[in-house]
Amino acid sequence: MSDRLSVFKTYKLYVGGKFPRSESGRVYEVTDPKGKWLANAPLSSRKDARDAVVAARKAFGGWSGATAYNRGQVLYRVAEMLEGRREQFVREVADAEGLSKSKAAAQVDAAIDRWVWYAGWTDKIAQLAGGANPVAGPFFNLSTPEPTGVVTVLAPQDSSFLGLVSVIAPVIATGNTAVVVASERAPLPALSLGEVLATSDLPGGVVNVLSGRTAELAAPLAAHQDVNAIDLAGADAALAKELEIAAADNLKRVLRPAAVDYTADPGTRRMTAFLETKTVWHPTGALGAAGSSY
């Protein structure tokens, strides 16, 4: 019996719920830490980045308008789908980061658990970041958090999956939509995540995944007038400074890069970083000795 030819996977971008190749037709070689070839990944262009922003903006109204409970259900569904494809991601993470199978499995399990963790926060973050404010007068004064809008996320360069999930999940858990630039060196787990998101009830355009040169894609996204915020997790110090300057043009929210242990409790910082606070005043009616006029 003759040996079968290997069927190599064709990795594609994930934009607007679809899987296009790069508009430019370019690809680049992805290797493991020892230089062994793993796959060709799409080398996204500025046009791909602009297309991703358009898709994210189109999806924002429906996603931000969904109930927090519904968003939690969708995030939990992502965890369910990942659990079913666990072995694939263990293999890809092991190859991408040069880890043993057991260490890669621990990373994947932690990433799946993180989706569940953020799923639980979707209908609770409003109680933490908002509330009723005491005022001197017959008014209700209520502060409520609302999503910022379209968020560009530069995925961590050295944590191809757990770090990736740790920066995407909080953005969408709070009702934002995301344009994600995958790790330049290890983009394959991110591109495979797009396949999971497409089958997990997440509306197309809520998360858009690009692969390629981080600096090449980040510059136009930081300057894009329809991007409301940017997470610089995957940028080095020089690039981060350049992007902060570009982001100032339309007053983007900027989350600066910092050393993060993605295996630790993530806290709520990445959720509150991309929330705006809306305060509403509402009269209670005249207050007298008998109480409210209501």
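Higher on the page you've got the structure.
Here's a quick rundown of the structure. The model shown is predicted, which means the values in this text are computed figures rather than measured ones.

Looking at the largest pocket, its volume works out to about 390 Å³. Empty space within the second largest pocket amounts to approximately 240 Å³. Around the second largest pocket, the lining comprises 15 residues; the ones closest to its centre are P156, Q157, D158, A233 and Y262.

Turning our eyes to something else, we now look at helix α7 (residues 188-198). Every α-helical turn comprises 3.6 residues, leaving residues that sit three or four positions apart pointing alike. Counting buried residues in α7 gives nine out of 11 residues, a clear majority hidden from the surface. Taken together, the buried positions of α7 are L188, P189, A190, L191, S192, L193, G194, V196 and L197.

The next subject is the packing of aromatic side chains. Taken as a whole and judged by the stated rule, the model has six aromatic pairs. Ring centres 5.6 Å apart and planes at 80° place the aromatic pair F8 and W37 in the edge-to-face group. Linking F8 in the segment before β1 (27-31) with W37 in strand β2 (residues 37-42), this pair joins segments that are 29 residues apart in sequence. Judged by relative accessible area, which is 58%, F8 ranks as exposed. Given a relative accessible area of 36%, W37 falls into the partly exposed group. Counting every residue linked through ring pairs, the aromatic cluster contains W117, Y118 and W121. Seen from the ring of F60, R57 lies directly overhead, with NZ or CZ sitting 5.7 Å from the centre.

Cut-off values and rules
- Residues numbered from 1 in each chain as written.
- Predicted model: local features only at pLDDT ≥ 70, side-chain atom pairs only at ≥ 80, totals over all residues.
- Heavy atoms only, no water.
- 1 Å grid on protein atoms, 1.4 Å probe; cavity = no way out; pocket = protein on both sides within 12 Å on 5 of 7 lines; lining within 4 Å.
- Points joined across faces, edges and corners; volume = space filled by probe spheres on them.
- Buried < 20%, exposed > 50% of the residue type's maximum accessible area, 1.4 Å probe, protein only.
- Helix = DSSP H or I, 4+ residues; strand = E, 2+ residues; numbered from the N terminus.
- Phe/Tyr/Trp six-rings, centres within 6.5 Å; stacked < 30°, edge-to-face > 60°.
- Lys NZ or Arg CZ within 6 Å of the ring centre and 35° of its normal.

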